[in-house]
Amino acid sequence: MRQALSVFIFVGVLVAFDMPDTLPTSENQQTVHSNPLNMRKKEKALAFVQAALSQDEAKVRELAALNYIQHNPFIPTGLEAFIGLLPVLKENGTSAEAFRVLEDDNFVVLHHLWKGAKPFGAEEMVSFDILRFDEQGKIVEHWDAMMPNTPPNPSGRTLLDGPSEVVDLDATEANKELVLKLVDDVLFGKNPNNITKYISTETYHQHNPSIKDGLDGLQEAFHYLIANNDMFQYKKLHKAIAEGNFVLTVNEGEWHGNPHIFYDLFRIENGKVVEHWDVIQQIPTENLANKNTMFNF
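It should be emphasised that the depicted structure is a prediction, and the values quoted were computed from it without experimental measurement. (Residues numbered from 1 in each chain as written. Predicted model: local features only at pLDDT ≥ 70, side-chain atom pairs only at ≥ 80, totals over all residues. Heavy atoms only, no water.)

> Could you clarify how one ought to interpret the overall build of the protein chain in this entry?
Per the secondary structure count, the protein chain includes 8 helices and 10 strands. Just so you have it, the protein chain exposes about 13,500 Å², and 47% of that area is on carbon and sulfur atoms. (Helix = DSSP H or I, 4+ residues; strand = E, 2+ residues; numbered from the N terminus. Areas by Shrake-Rupley, 256 points an atom, 1.4 Å probe, with all protein chains shown as cover.)

Take a look at the structure:
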């Protein structure tokens, strides 16, 4: 187990473009009830993370299924294997704050800031975590991608700030369809000139650490990458999760000549994308703790 922990602690995570103490305590805090049977999936997801951080093994077992499937490549699959790694979180004083929580059918997305996160690669890490629930309401599967937290970007935005309230629930499917078309046309490069069909030309707030606000900032970043023969490539869409005005996509592709996973979160307003957050991580190919891949939804 110590050998597995060493792999988990020391394998690095790449940042996009070289280019926030218990869960959560700020205005983003979600109410967590004590009886799991009466909890919504969002509340269960938050309670599960809190239980892991507080070493509450009984609560972890209460909320998650025994056949818990792990897609983080550095953590062994199975619930008991996951519980066996919890002491390292205590040793590092690890904490988490969820800035955004989305629920789509049996999936919940948590947009997290981790502190005391050296086990994950840096003192502060930002992640997207996806949890799947089974028919009994137990957490049965987990995916994530992580990157070190960064200073504000050229427009003064961080990886996590910005709106968090889920609204426009009646527009969920339309917003998901809009983002799927954006991914297909622009990110896959089929019809990149259609970008203004999907992204607002008036307001576009960018949280990537090296890209400025607006379509001009996006185009400037693209031109820079192309000029340096370092343009990222999106190759396959694996999952889209949506609630109201937020849509998350999980894509597989390449960057710097290596396989990468791209988590992109879009906020939609009046039928156009007006804000974007992302986490980009290189996909490891060696010293893997499970064979489930970072995809396989």
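> Please explain the sheet that holds strand β6 (residues 205-206) as it appears in this structure.
If you trace the 5 strands from one edge of the open sheet to the other, you get β6-β10-β9-β8-β7, paired in mixed fashion. Each of the sheet's edge strands pairs with one partner strand only, and the pair in question is β6 and β7 (233-243). The sheet contact formed by β7 and strand β8 (residues 246-255) spans 9 bridges and is antiparallel. If you follow Lys239 over to β8, its bridge partner there is Val250. (Pairing = 2+ DSSP bridges.)

> Just to check I follow, could you spell out the sheet that holds strand β2 (residues 95-104) for this structure?
What links the strands of a sheet is backbone hydrogen bonding, and the strands pair in either a parallel or an antiparallel sense. One open sheet holds the 5 strands; their spatial order is β1-β5-β4-β3-β2, and the pairing between them is mixed. Sheet topology places β1 (64-70) and β2 at the edges, where each strand pairs with a single neighbour. Ignoring which end each strand starts from, the neighbouring axes of this sheet average 25° apart. As judged from the 9 bridges shared by β2 and strand β3 (residues 107-115), these two strands associate in the antiparallel manner. Following the sheet pairing, Ala96 is matched in β3 by Trp114. (Axes fitted to C-alpha atoms, helices over the stretch in contact; angles between N-to-C directions.)

> Just checking my understanding: could you explain the nonpolar core for this structure?
For soluble globular proteins, nonpolar side chains are generally found buried alongside one another. Ranked by size, the top nonpolar core spans 33 residues in total, and within it Phe48, Val60, Tyr68, Phe82, Leu110, Trp114 and Leu131 carry the most contacts. In terms of residue count, the dominant contributor to this core is helix α2 (residues 41-53) (8 residues). Here Tyr68 is in contact with Phe48, Thr77, Gly78, Leu79, Phe82, Leu131, Ile139, Val140, Glu141 and His142, once residues within four sequence places are set aside. Counting 26 residues, the second-largest nonpolar core is a separate cluster that includes Leu178, Ile195, Ile211 and Leu218. (Core = buried A, V, L, I, M, F, W, Y, C linked by side-chain atoms within 4.5 Å. Buried < 20%, exposed > 50% of the residue type's maximum accessible area, 1.4 Å probe, protein only. Contact = heavy atoms within 4.5 Å.)

> Honestly, the layout of surface pockets in this entry has me stumped. Any pointers?
Regions of empty space are outlined by a rolling probe, equal in size to a water molecule, passed over the atoms. What the largest pocket holds in volume is close to 280 Å³. Of all the secondary-structure elements, those providing two or more residues to the lining of the largest pocket are α6 (172-187), α8 (214-227) and β7. The greatest single-element share of the lining of the largest pocket, amounting to 4 residues, is contributed by α8. Of the residues in the lining of the largest pocket, the class split is 10 nonpolar, 5 polar and no charged. (1 Å grid on protein atoms, 1.4 Å probe; cavity = no way out; pocket = protein on both sides within 12 Å on 5 of 7 lines; lining within 4 Å. Points joined across faces, edges and corners; volume = space filled by probe spheres on them. Nonpolar A, V, L, I, M, F, W, Y, C, P; charged D, E, K, R; others polar.)

> I keep staring at the side chain of Glu103 and nothing clicks. Help me out?
Considering the arrangement of structural elements, one finds Glu103 in strand β2. Of the side chains with opposite charge, Lys41 comes closest to the buried, unpaired Glu103, at an N-O distance of 4.2 Å. Of the polar contacts made by the side chain of Glu103, one reaches the backbone nitrogen of Lys42; its length is 3.5 Å. When near neighbours in sequence (up to four residues on either side) are disregarded, Glu103 contacts Arg40, Lys41, Lys42, Val108, Ala242 and Glu243. (Lys, Arg positive; Asp, Glu negative; His and termini not counted. Salt bridge = Lys/Arg side-chain N within 4 Å of Asp/Glu carboxyl O. Polar contact = N/O pair within 3.5 Å; in protein donor to acceptor, adjacent residues only side chain to side chain.)

> Quick question: what am I supposed to make of the packing of aromatic side chains here?
To describe a pair of aromatic rings, you give the distance between the ring centres and the angle between the ring planes. All told, the structure shown has 12 aromatic pairs when counted by the stated rule. An angle of 50° between the planes, with centres 5.8 Å apart, marks the rings of Phe48 and Tyr68 as tilted. Residue Phe48 is located in helix α2, and its partner Tyr68 is located in strand β1; the two are separated by 20 residues in the primary sequence. Residue Phe48 is classed as buried on the basis of its relative accessible area of 4%. Arranged with centres 5.2 Å apart and planes meeting at 80°, the rings of Trp114 and Phe120 form a pair that is edge-to-face. A residue is classified by how much of its surface remains accessible, and Trp114, at 8% relative accessible area, is buried. Members of the aromatic cluster, connected to one another through ring pairs, are Phe222, Phe232, Tyr234 and Phe262. (Phe/Tyr/Trp six-rings, centres within 6.5 Å; stacked < 30°, edge-to-face > 60°.)

> So what exactly am I meant to see when it comes to empty space enclosed by the protein here?
Taken as a whole, the largest cavity holds about 290 Å³ of empty space. For the largest cavity, the lining is made up of 20 residues, of which Phe82, Trp114, Phe120, Asp129 and His142 are closest to its centre. Where the lining of the largest cavity is concerned, the elements lending two or more residues are α2, β1, α5 (86-91), β4 (124-133) and β5 (139-148). It is α2 that provides the largest number of residues to the lining of the largest cavity, a total of 4 residues.

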